[in-house]
Structures are given as structure tokens and as C-alpha cells.
Amino acid sequence: MATSPQQQHYRAYTPRPLTRSEIGNVEILYGGLHWRAENVMQAVFENLGYKARPLPVATRDDLLLGRELADIGQCCPTSFTTGNLASFLREEGKRIGPEAVADRYVYVTAGACGACRFGQYHQSYELALRNIGLESFRVFLVDQNRMDQGALKGGGLEVNIPLTLGMVWAILCTDAVQSLEYRTRPYEVVAGQTDKAVRESVEHLCEVFRNRPPKGEKWGPLAWHLTTTYFTKALREVHRRFEAIEVDRLQVKPVVKITGEFYLQTVEGDPNYNIHSWLESEGAEVYPAPIVVWLDYWIRFYVQELEDRVGTDRAARAKIWALKGLQAVFRGVYERMRKALGGIPHEIPDQYELRRLAAPYFHHRLSGGEGDMLIGKALWAHVHNKAHMVCELSPYSCMPNTMSIGAMAGVVGQHPDLLYAPIEVKGDAEVHALSRCQMVLTEAKRRAIREYVSVMEKTGLDPDSVRRVLDRNPAMRRATYRVPHLGVAGTAANTMLHVAGRRLRMAA
Amino acid sequence: MARWFDRRPSGGHGQRPERAERAKLRIGIPKVLNVWTTHQLWLGFFASLGIPGNRVVFSSDTSEEQGREFGSGRGTVDCCYPVKCISGHYGELVFGQKRKIDILFSPMIYSMPSFLHGHVADSLACPRVMAAPENIKSGFLKEKDVFAEQGIRYVAPLVSLVDPLQVPKQLFIAFEGVLPGLRFEEVREAVDQGYRTLAAFDRELRSRSRRILEWCAREQRPCVMVLARPYHMDAGIGHEIEADLQAHGYPILWMQYFPTDPDLLDWMFGPDIREGYAKSVFDISDVWPSSYSANTNEILWGAKAAARVPWVTCAIRLTSYECGMDQPTFTPVQQIVERSGTLFFSFQELDSTKPAGSVKIRVETIAHYLQRSSRAVMERKAAAMPAGCPLLEKPACRAGGTATADGD
């Protein structure tokens, strides 16, 4: 067999290095979360000397562009995020030219998620970039499971402890603010006050994160983040801004818990048919899906993996205890932030309870997407009366999500009173999806009213008498007054029970 | 595929009374998804526990009739056909047996015993595939417990087959109280036996593939490589497209059973390693950095292999409708194969119905191109490869024997 010049085989895309000398001129792009977290993350980057910018919220045009540019059969989050990046870069390319785009921007995204397609999004990005003539654009993948990953190729961007902790704390703070916001806006007396307070609060948090003091590289920042009052002070300032908002919590509204695939449940915009604002406009109180629950789940995920190794790995038990300790600390930090906001943001469910609830229907080790959490969260909201209805946002063609929806058939069979609205989101079938949600929402509204009426009967109170009590106690009409959860789902019903309890205590 | 699921006789146990009790049990296994490449492990496992092969019942190949007769009304969600069709397999095992089964065994295979493991990020199963039993089960439980009503024990353990140390515990927990008198030591031994049985089966098939390649090399004849997931071997899912091609006289190799003899792989991938593109003959990071999924990894590796062996003049890609694992790999796989000058044809969006007319036309087209281009493809690819191809050596002189690279 004669030898000849060797075949030039196909090789996967590898980004050009991002060097330290470039970093002052390069803007880091990222996205995929809600705007509050993305804005504060920008401040975290800036705090560490980077230029960064979140991509604009993905639109339906981005979806169509994503479908056009990458391989067929993508799940809708892939199409949205691919199209979103491609659209931004294409527009910038028109403005400053493709060479300048490739030099001035880089995109950073999470790239490790096991076998689910999320971990393979980069393939779609690569194809889309090639199809718009930007094959030299740099996309960097960061491992979502490791806090300290060192410098990315070229050394320009370091995914180190200060950066990771900044990102995590940004998520914790903005999750708490988002929860406070969604518990306030449906009941605000003067429309627009909540939005204004949230905008100002996020700006304030950005300032706080931008001025985060340097505390070293490894253990120093960790110890400081865990012990400092720097962030809780900032959140108390947020609390103060919300204090000015007057609310009327006696409006009977169904509480709708949002669950689903991570991207769809987190973003607020076209990718999920603006479901958060649509539900509010339909008279519901939205119980949003905080990112912090996902982070908590990741710790459980590793605990579970180790649990299976007990008996074959001598260190497994010690590692489990270490991870559970970390989980307790993590939850404790979020709890402090909730308290700084008056305890009003929703608590995060116990991961091991979610596992226990989901166990008859979905094995806890099944991975990809949200694992057993969708089933666990739906049952948790149901059995603890946290919401009247669960709206699950499922992307078209999402692999793990379709599996838990299928298993939910068994859950609904055994819990026929669980109001469950799985919404398949394709991105371009809005009317169909929302009308489906509306059907279930109608029943949720009836339930909220029935619940309120039963509380009236139980307490012997009526709305007018409760309103008189609230008028006599102006603090109770403030957004920052905490109405405890007293076993019913609706805010109006809980308020009535709370007032009844106060009267009893005062009478005693 | 007629002998694919052949049963093997049990081992030399059977002295204890509980083993005699076990030998009376009938175990039904849905012949679906990754059972297509792990069935020998289960046969070896049950045989070691005293349940002979003739008491293990596999469901039939997938068919639309099976789904209509046994799976109708049991579906809980719309997803890919290889998962959806499992309702029919469960139904057939529950309702369609002349002699009732006692146990319906449907393993949730979390990770696969892939020959690439250790060279890739992970060897996980697809998220849909691993969770499929939970999904299908709910269709048999949502109104009433059909399994209990039929007197069947439903056993669906999660098994991490890539990690043999974990498997005995996972299976012991699943079968304790189901198989009489079960002891942990027994399960550990049975798991070992299962892996040995599977390894022997894989070794045999890889050696057959090697013989085919040697024949092709000796006779300068082309062959076709199938790049697909294990369940595309199911006539009702892969629709026997490869058999139609074989009828045109082209030997078929399934990527899953490509020979892994060191001499052959060193010859194929040596240049990549020397040039620094790959760390080992099983490294795919040069073409696929997100190497988490076992079957995806093997498809990518298979594409690399197809691109390098001169006598593989054509690669056929089979993918099912809505396969989220295959979707991101469409372009890389095609590029890997085509850049080498190898013919590439893809049957995408395969579903329940065989589009017989269009398959026939496409198979004839492929056969036409194979006939027209194979010689040139072989010459071009051979010229680009190093000298000393072990496939052209006499079998007796072969350097690496038939040992598989995973140490068997």
C-alpha cells in the first residue's frame, strides 16, 4: 500500500485563546437566566475587572433564526439560545464588521450537564456561527459543577472562587428579590410601584456587587461570603424600598406554581410566552421557580451518587456528610437573605422531601434536566397547600422533561385533585399553550374562591371586618408585612386566618 | 437477528430448595432500548441465580400491531418511538403470554458498559432511555395497578452498568423479597457472571466483524457500516434497512461490534495519536468534546472508524424521529465520514411505520453509488492510510489477537 499525503480528518471546533492582554478590549457575553440575576452577574464580572454584558432576552425571531441555522430537531431552548447569540452577533457584525465581532466579544456558557442536550448546545452554537460566517468567534464552556476551574484557554478569563461565589451570591440575592416581587405585585394598590422598586433594588444590588471587596483567591472569599453581613445589609435596603408599597392582600387570586425545564421556568419573555406576566394579567399570583432550588438539587445529586457507593467506597459516608454540611450552609445563607427581606420570599423546599414525594413515580437517580424534582415539587406544592395549581413549562422535544411529564400521569391518577397544567412550549404556538393553561387556571380560580369562603366560614370573619382590622394597622397593608402560611394556599385566605389568629391572641 | 436473544443454559447450581423455587419463576424482559446490547448480561445474571434461559421471556420485535393490541391507551406522553413503543412490549408481556410471567423486569440502565469508557467524559444512557420504565409504568398504574391485578411483580432497578461495583447492591435491593432466599454474595457472583457472559458475546461478535473486514481487505470488496443506536437492530424501529442493503451483496458492520483489536486500532488511529489529535485509539475529544452519552460516543467513534478503514466505503446513519441525542451529532458525524471520501447516507426521523417505498428507492440509490464509487473510495482511503494494514496480514500472523481493548 503506497503512502500519500494524509487525509485531513474532521476536527471539532476549538476556540482561539482569550489572552490576558485582550481582556480589557473583550466583552464577555452570557445569558439564559432572568434579568435580575443577569444584571447583577454583570456587576460581578465588572468587580473582577472584566467587561461583560448579558444578551438581550431571546425573542421569537431568535427562535426562527436558531432553527434556520442549526441542525433540525432541536429542543426549543436550543433554538432560542442559538438564535439569540447568532442574532446579536449578526447585528453587531453589520455595525462593526465580523472580524471586529470575533475579536471584541466572547460567549461563555455552561457546558456540562451529563447526557442531556443542554451539555451539547455548543454544537448548535458552532454550527450557527459557521453559518453566519463567524467561525472564528470564541465560545467558552464552563463546567457548571466546579467552583474553581482555573483559567480558560489563553488565561484571559479565570473561573475561580471569587467569580463563582459572586455568581452564586448574585443568584441567591436576586432569587429572594424576585420572590418578594411576585408576592407583592399582584396586590399592589398603585400599579407600577413594585416594578419601580424592583428596578431600583436591582440597580442597588449591582452597585453592591460591583464594589464587593477583594478577599483573596480561595478560602478568604469563601469565609467572607459565608460570614459577612454585606449582602444582608444590601437586602435590608431592598426591603426598605418595598416598604413604601401599599398592598391589598384581600384580593382572591389563585397561586400558580411555575415548574418545568430550567431555561423555560427561569427566563421571562418570549421563550416561555411571557407566562409570568400573562398569568398575573389573568388574575393569578405567580410562585416563580428560583434558581437556588436547582443549585440545592445539584448538591443532592452528588449526595445520591455517593449514597449508592456506600459499601464499595470507604470514603463515601464522610463525603456525604461533608456535602450535606455544605448543603445546610448553602440553605442557611439563603435563609438569612429571606430574613433580610422580612421572611416574605418563599422558602426553598427540602430536597430530601422532594425525593421522598417523587419516589413512587420517578427514581431519584434518573438524571438530566430537573430529574425527579418536577414530580417532587408538584406534589410538595399540593400536599403543603403552597399553590392552587402547578404550571409545568416543558420545551418541545425536551428529553428529560417529557419523561417526568409521562410519570406525572401516575401522580395525577393517584392525586386527582392536583391541578396540573403541563404546557408544551414550542415558541411559536402561543395561543394553543395559553388557552390550555387558561382552562386549568379557571378551575384554580374557583378553588381559590372556595378556599376563601371556607376560611370565612371557619373564622366567622368577612372581608369588610378584616379590612377594618387592616385599616387600623397600616403596617399590615405594607408589602413588607409578612403574612404567614397558615395551611391554605391563597394569600387572601392566609391573611384572613392571620387576622383571625391575631384577634384571638389579642382577646386572650 | 434470529439468534440475538438466544438463551443459554444455567450454571451448575440448583442444590438449595430456594433455587428450585426460583427455577419455576418466569421472567419477562421488554426487548427494548439498551437491552439490545445488554441482554446477555441479564441472561448470565439470571442463569447464575438459578433461573434458566428458557424461563426468561423477551417480548417480540417492535411492531405497530404489538402497539395496537397491547399498548393502546397506555401511552402517557408523546416522545420518540423507541420509548413510546415500550407500552406495547409491557402489554405483550403482561397480557399476551400463554404462560404467565411472574416478574416483569425492566432495568433502568443509567450508564452503559461501553468499550470507550475511561477515554470519554462519561458513559451515560440517554435521559429518556434511562427514565423510560418510569414513564411507561405510569400507563399501567394510573387507573389501577395492572401488574398487581395480573399477579406480576414489577422490578425496575436503576443500574449503573459502567460501574460493576455498584451493580450488585442495586440488583440485590431490587430482587430482595422477589427471588426466594436471595443472598448478597449470590447476587455479586451473578453480576460477575452476567458481565462475563456479555463480554464473551461481544468478543465473538467483534471477531466476526474482524473476519468480515479481513475478507473485504483480501478480496478488495466494499462493506457498509451502520451508525445507529442499539435499538435500531429492532426490525420494528430500524425497519431492517441494513438488511435491504445486505441483499444487494454488501456485508454490514454494526458500529457497536466493530473489532477493537489493538493491532487494527493502532494502524487506524496511530497517525491521530502521533499528531496529537487524540490521546488514545478510543479518544473522541478531537471530534466530540461533550462525550457524556455512551451510545452517542460510540456513534462518533464509529464514524471515525468508518472514515479510516478503506473497505468501509459507505456509512449509513439511522436515527429515530425526535431523537434529542442524535440531533446535535448530525453535522459532526456526516462531516467525519464525508471528509474521508466515504459515502454517507442518513435515514432520519424513522418512526413506527416503515416508509417501504422511499426506503426501497433510497436503498437502490445507495447500492448504485456503492457500485459506482466503491473502488475509487477504497483506493483513495487506502492511499491516505499508513502501510502495514493488519487486515491484509494472514490471520495466523495477527499481532493483537481478538482481545478487546477493555481488557477482556
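The residue count restarts for each chain, going from 1 along the sequence in the order it is written. Here every chain gets a letter starting at A, and every ligand a number starting at 1, in the order they are written. Only residues with pLDDT of at least 70 are given local features in this predicted model, and only at 80 or more are side-chain atom pairs given and counted; all residues enter the totals for whole chains, interfaces and linings. Neither water nor hydrogens contribute to the side-chain values; these are computed over all heavy atoms in the structure.

Visitor: Hey, could you run me through the sheet that holds strand 1 (residues 27-29) of chain B in this one?
Guide: Residue and element names in this part refer to chain B. A pair of strands is treated as paired once DSSP finds two or more bridges between them. Numbering of helices and strands runs from the N terminus; a helix is a DSSP stretch of H or I covering at least four residues, while a strand is a stretch of E covering at least two. One open sheet accounts for 4 strands, arranged 2-1-3-5; its pairing is parallel. Either end of the sheet is taken by a strand with one partner, and the two such strands are strand 2 (56-58) and strand 5 (153-155). Each neighbouring strand pair of the sheet contributes to a mean axis angle of 25°, computed without reference to strand direction. Bridging between strand 1 and strand 3 (residues 103-105) involves 2 bridges; their strand directions are parallel. The partner of Gly28 across the bridge, within strand 3, is Leu104. The strands touched by helix 2 (residues 35-48) are strand 1, strand 2 and strand 3; relative to strand 2, the strand with the most contacts, the crossing angle is about 170°. Geometry is summarised by axes, namely lines fitted to C-alpha atoms with helices restricted to the contacting stretch, and by angles between N-to-C directions that run from 0 to 180 degrees. Any two residues having at least one pair of non-hydrogen atoms within 4.5 Å are treated as being in contact.

Visitor: Just checking my understanding: could you explain the environment of Phe209(A) for this structure?
Guide: Residues and elements named next belong to chain A. Relative to the helices and strands, Phe209 is located in helix 7 (residues 193-210). A relative accessible area of 0% places Phe209 in the buried class. For the pair Phe209 and Ala70, spaced 139 residues apart in the sequence, the C-alpha separation amounts to 37 Å. Discounting chain neighbours no more than four positions away, the residues touching Phe209 are Val40, Ala43, Val44, Asn47, Gly166, Trp169, Ala170, Cys173 and Phe231. The cut-offs for exposure are 20% and 50% of the maximum accessible area for each residue type, with area from a 1.4 Å probe on protein chains only; residues under the lower value are buried, those over the upper are exposed, and the others partly exposed.

Visitor: Explain a nonpolar patch on the surface here, please?
Guide: Each patch groups residues whose relative accessible area exceeds 30% and which form no salt bridge, using 9 Å between like charges and 5 Å between nonpolar side chains of Val, Leu, Ile, Met, Phe, Trp and Tyr. Exposure was quantified through the Shrake-Rupley algorithm and a 1.4 Å probe, taking into account, for residues, occlusion by the shown protein chains and nothing else. When a carboxyl oxygen of Asp or Glu lies within 4 Å of a side-chain nitrogen of Lys or Arg, that pair is called a salt bridge. Together, Val252(A), Ile449(A) and Val453(A) make up an exposed nonpolar region whose accessible area comes to about 210 Å². Inspection of the secondary structure puts Val453(A) in helix 17 (residues 430-459).

Visitor: I keep staring at the pattern of salt bridges and nothing clicks. Help me out?
Guide: All told, the structure shown has 58 salt bridges over all chains when counted by the stated rule. Glu237(A) is the partner of Arg240(A) in a salt bridge, and the nearest nitrogen-oxygen pair spans 2.7 Å. One end of the pair is Arg240(A) and the other is Glu237(A), both in helix 9 (residues 230-243) and 3 residues apart, which spans about a single turn. The exposure class of Arg240(A) is partly exposed, given its relative accessible area of 47%. The salt bridge partner of Lys84(B) is Asp78(B), with a shortest N-O separation of 3.0 Å. Classification of Lys84(B) by relative accessible area gives partly exposed; the value is 32%. The exposed category is assigned to Asp78(B), whose relative accessible area is 53%. Here the residues in one salt-bridge network are Arg36(A), Glu181(A), Arg185(A), Asp195(A), Glu268(A) and Glu280(A), joined through shared partners.

Visitor: Looking at this structure, how should I read the packing of helix 12 (residues 291-307) of chain A against helix 13 (residues 316-340) of chain A?
Guide: Helix-helix packing is described using two parameters, namely the angle between the two axes and the distance between the axes. All names here are of chain A. Look at helix 12 against helix 13: their axes get within 9 Å of each other, and the N-to-C directions meet at 170°. Between helix 12 and helix 13, the angle falls in the class roughly antiparallel. Here Val292, Leu295, Asp296, Ile299, Arg300, Tyr302, Val303, Leu306 and Glu307 of helix 12 lie close against helix 13, whose contacting residues are Ala316, Lys319, Ile320, Leu323, Lys324, Leu326, Gln327, Phe330, Arg331 and Tyr334. Any angle between 65 and 115 degrees counts as roughly perpendicular, while under 35 counts as roughly parallel, over 145 as roughly antiparallel, and the rest as oblique.

Visitor: Any chance you could explain the nonpolar core here in plain terms?
Guide: Nonpolar side chains in soluble globular proteins tend to be buried together. Only buried residues count toward a nonpolar core. Its members are Ala, Val, Leu, Ile, Met, Phe, Trp, Tyr and Cys residues joined through side-chain atoms within 4.5 Å. Counting residues in hydrophobic clusters, the biggest one holds 193 residues, and the most contacted among them are Trp42(B), Phe45(B), Phe46(B), Phe105(B), Leu171(B) and Phe175(B). In terms of residues, this core owes the most to one element, helix 6 (residues 161-184) of chain A, which gives 13 residues. Setting aside chain neighbours within four positions, we find Phe175(B) in contact with Phe45(B), Phe46(B), Ile103(B), Phe105(B), Val155(B) and Leu182(B). Ranked by size, the runner-up nonpolar core spans 42 residues in total, among them Leu213(B), Phe258(B), Trp288(B) and Leu391(B).

Visitor: Before we go on, may I ask you to explain the sheet that holds strand 8 (residues 252-254) of chain B in this structure?
Guide: What holds strands together in a sheet is hydrogen bonding between their backbones, with the strands either parallel or antiparallel. Residues and elements named next belong to chain B. Strand order in the open sheet made by the 4 strands is 8-7-9-10, with parallel pairing throughout. Each edge of the open sheet carries a strand with a single partner, namely strand 8 and strand 10 (343-350). The average undirected angle you get between the axes of adjacent strands in this sheet is 20°. Where strand 7 (residues 223-227) meets strand 8, 3 bridges bridge the pair, whose relative direction is parallel. Note on strand 8: the bridge partner recorded for Val226 is Trp254. The sheet strands contacting helix 12 (residues 294-308) are strand 7 and strand 9 (312-320), and the helix crosses strand 7 at an angle near 160°.

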